[in-house]
Amino acid sequence: NLKYLYELDLSNNKLTGDFPASVLKATNLTFLDLRFNAFSGSVPRQVFNLDLDVLFINNNNLVQKLPPNLGSITALYLTFANNRFIGPIPDSIGDIKYLQEVLFLNNQLTGCLPYQIGKLNQATVFDVGYNNLTGPIPYSFGCLDKIEQVNLARNKFYGTIPEILCEISSLKNLSLSYNYFTQAGPKCRKLIRRNILDVRKNCILDLPNQKTPLECATFFMRKQACPNSKSMFRIPCDKNPNQVTLDQERLEEEQGRTSSLVSYGALNPDRIRNL
């Protein structure tokens, strides 16, 4: 009933029980930080209808599928890391048009990445490391023109690393280690040499430090296909994967800049300083 309550920070306590549904009454909230507690159960779907700029719920014991209305939220920063979210990332994620940073790392997510992720044209960070996701990287990732950090490490992704992704000039870190990728083209290999792209422990057998041929063969005998495999080649922007050229001068300029990433700071118990 506090109509002028805009920010609520309950982080770094020992709060337990269900997600505090009382926050749903604070309809003017723009900042909600519940990280580093022991909340359990699920997040009410109505949370994603709030007009939030920031939602930090990482480092709890939340267990549920990501809701279909995930895309209804207006957030700039979403941090769901270090919980036990399950199931696929819903297609509606592409509707969060101002989303800048999203961290789903260290959960139990499954399924294939939806091509709608490529609609997040304001995103600078996309992190789904340490899950059970699979399938190829959607070509739509090439539309993420502002992306700086992409972490898909420690999943079950496979196939060819799209050259259209490796051509993004703002990219500073692309971590694909401990998956089952089989091919990297010349532009991606340039990023490997520049220590931007990490492909350790994959199945690119002409590169060093890969999985064994037996490990790779065993995986591909039982790999999971994506239900809508054609969508992996959909590109929701005006780029052609066969014609995109790399602007090397812009790449050098972007690599020299320092950016202030907010969401990774939420993975430490300290107060967030960059907002």
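The model shown is predicted, which means the values in this text are computed figures rather than measured ones.

Engineer: I'm lost on the pairing of strand 14 (residues 156-161) in this one. Help?
Structural biologist: For a regular strand, side chains alternate in direction, first toward one face of the sheet and then toward the other. Two strands pair when backbone bridges link them, and strand 12 (residues 132-135) and strand 14 are joined in this way by two bridges, in the parallel orientation. Residue Gly135 lies in a different strand from strand 14, and its bridge partner there is Phe157. Bridging between strand 14 and strand 16 (residues 180-184) involves four bridges; their strand directions are parallel. Across the sheet, residue Thr160 finds its bridge partner in strand 16, namely Gln183.

Engineer: Would you explain the confidence of the model for the protein in this entry?
Structural biologist: In low-pLDDT regions, the fine details of the predicted coordinates are not to be read closely. The pLDDT averaged across the protein works out to 91; a share of 90% of its residues lies at or above 70. Low confidence marks residues 243-258, where pLDDT is under 50. Its contacts with residues over four positions away, or in another chain, come to 22 contacts.

Engineer: Explanation requested: the nonpolar core in the structure shown.
Structural biologist: Side chains of a nonpolar character, in soluble globular proteins, are inclined to be buried together. The biggest cluster of nonpolar side chains holds 60 residues, and the ones touching the most others in it are Leu55, Leu78, Phe80, Phe104 and Phe126. Contributing elements (two or more residues each) for this core: strand 14, helix 1 (163-166), strand 16 and helix 2 (186-193). With sequence-adjacent residues up to four places away left out, Phe104 is seen in contact with Leu66, Leu70, Phe80, Ala81, Ile89, Ile93, Leu109, Asp127, Val128 and Asn131. If you look at the next biggest cluster of nonpolar residues, it comprises six residues, including Phe31, Val54, Phe56 and Ala266.

Engineer: Is there a simple way to think about the pairing of strand 6 (residues 61-65) in this case?
Structural biologist: Of the two faces of strand 6, the one holding Leu62 and Gln64 is buried and the one holding Asn61, Val63 and Lys65 is not buried anywhere. Bridging between strand 4 (residues 38-41) and strand 6 involves two bridges; their strand directions are parallel. Along strand 6, the bridge assignment pairs Ser40 with Asn61. Inspection of the sheet shows strand 6 paired to strand 8 (residues 84-87) by three bridges, in the parallel sense. Looking at the pairing, Val63 lines up with Arg84 of strand 8.

Cut-offs used in this document
Residues numbered from 1 in each chain as written. Predicted model: local features only at pLDDT ≥ 70, side-chain atom pairs only at ≥ 80, totals over all residues. Heavy atoms only, no water. Pairing = 2+ DSSP bridges. Helix = DSSP H or I, 4+ residues; strand = E, 2+ residues; numbered from the N terminus. pLDDT = per-residue confidence, 0-100. Contact = heavy atoms within 4.5 Å. Core = buried A, V, L, I, M, F, W, Y, C linked by side-chain atoms within 4.5 Å. Buried < 20%, exposed > 50% of the residue type's maximum accessible area, 1.4 Å probe, protein only.

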